[in-house]
Amino acid sequence: MLANRYEEAELDAGAPLLIQRTDRAPLGGLLLVIAMLWLAAAIDGLVGGAPAFIAGLGNSGAYVAGALGAALAVIALDWMVRGRTVAIGRGMVAVTARSLLGGHAWREPLANYRKIRADREQRPHRYGALSWYVVRLCHPEAGKRIELARAKDPALIEQRARAYARRLGLPLSWHWGDETARHGLKRRREVAGASAAGKPLS
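No experiment lies behind these values; they were computed from the predicted model shown. (Residues numbered from 1 in each chain as written. Predicted model: local features only at pLDDT ≥ 70, side-chain atom pairs only at ≥ 80, totals over all residues. Heavy atoms only, no water.)

Side note on the overall build of the protein
Next, step 1: When helices and strands are counted, the protein shows four helices and nine strands.
Next, step 2: Secondary structure elements of the protein occur, N-terminal to C-terminal, as β-β-α-α-β-β-β-β-β-β-α-β-α.
Next, step 3: Restricting the contact set of the protein to residue pairs at least 6 apart, pairs at least 24 apart contribute 47%.
Next, step 4: In the form shown here, the protein has an accessible surface area of approximately 12300 Å², with 59% of it arising from carbon and sulfur atoms. (Helix = DSSP H or I, 4+ residues; strand = E, 2+ residues; numbered from the N terminus. Contact = heavy atoms within 4.5 Å. Areas by Shrake-Rupley, 256 points an atom, 1.4 Å probe, with all protein chains shown as cover.)

See the structure below:
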């Protein structure tokens, strides 16, 4: 499964390729629930005449809870609204970014993009480095490079990278380590073997 809430829509061969990304929408929903609990506690304390329900804060406890709840609600709404839509079609790349404060959009000819690039990223973690596999539409200007997909499964990202390169008519470059390359080769052999035998692929 793709990470970071990527959603892709391909209607038909002539329709634009639409990729929607909503990174933090699920977390925003969870944070909004927490914010509502703080706000409810603050209102209950003020209406019930017992604002000192937070130890050490005295009668200001309800006001602190209300302020905290309001702040969390604003952050939650921003996370739920924030996102990006990429539309690729008719030789153009159109990007629309949204946030609670508004949005902005820009366009760029697809001809200005050089290639599809598949990368492996490693992030430090207390249990060891975590690997993510990413597909990007590469532009000479860093600000116009577009992340198309991200996942922990290299086989899934390999499939996506090849599909994007084929759909957009761009060359594909790989920037993975030897271990990942061997994994990809093994996976391709498994897919080919399963297809030849008519077996479902696990």
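So, next bit.
A few points about the nonpolar core
Next, step 1: With 25 residues, the main nonpolar core has Val-93, Ile-116 and Leu-137 as its most contacted residues.
Next, step 2: Here this core takes six residues from helix H3 (residues 154-168), the largest share from any one element.
Next, step 3: If we ignore the near neighbours within four places in the chain, the residues touching Val-93 are Val-86, Ala-87, Ile-88, Trp-106, Arg-107, Glu-108, Leu-110, Tyr-113, Leu-137 and Ile-146. (Core = buried A, V, L, I, M, F, W, Y, C linked by side-chain atoms within 4.5 Å. Buried < 20%, exposed > 50% of the residue type's maximum accessible area, 1.4 Å probe, protein only.)

Topic: the packing of helix H1 (residues 25-47) against helix H2 (residues 61-81)
Next, step 1: Taken N-terminus to C-terminus, the directions of H1 and H2 make an angle of 160°; their axes are 7 Å apart at the nearest point. With respect to H2, the element H1 is oriented roughly antiparallel. Crossing angle aside, the handedness with which H1 passes H2 is left-handed.
Next, step 2: Here the residues of the contact of H1 with H2 sort into 22 nonpolar, four polar and no charged. (Axes fitted to C-alpha atoms, helices over the stretch in contact; angles between N-to-C directions. Parallel < 35°, antiparallel > 145°, perpendicular 65-115°, else oblique. Left-handed = near helix turned anticlockwise from the far one by under 90°. Nonpolar A, V, L, I, M, F, W, Y, C, P; charged D, E, K, R; others polar.)

Remarks on the pattern of salt bridges
Next, step 1: One pass over the structure, following the stated rule, counts 10 salt bridges.
Next, step 2: A salt bridge links Arg-117 to Asp-119, with the nearest nitrogen and oxygen atoms 2.7 Å apart.
Next, step 3: Owing to a relative accessible area of 9%, Asp-119 belongs among the buried residues under this scheme.
Next, step 4: Here Arg-150 and Glu-147 are joined by a salt bridge, their closest N and O atoms 2.9 Å apart.
Next, step 5: According to the relative accessible area criterion, Arg-150 is buried, its value standing at 4%.
Next, step 6: A residue is classified by how much of its surface remains accessible, and Glu-147, at 9% relative accessible area, is buried.
Next, step 7: Here the residues in one salt-bridge network are Arg-117, Asp-119, Glu-121, Arg-136, Glu-147 and Arg-150, joined through shared partners. (Salt bridge = Lys/Arg side-chain N within 4 Å of Asp/Glu carboxyl O.)

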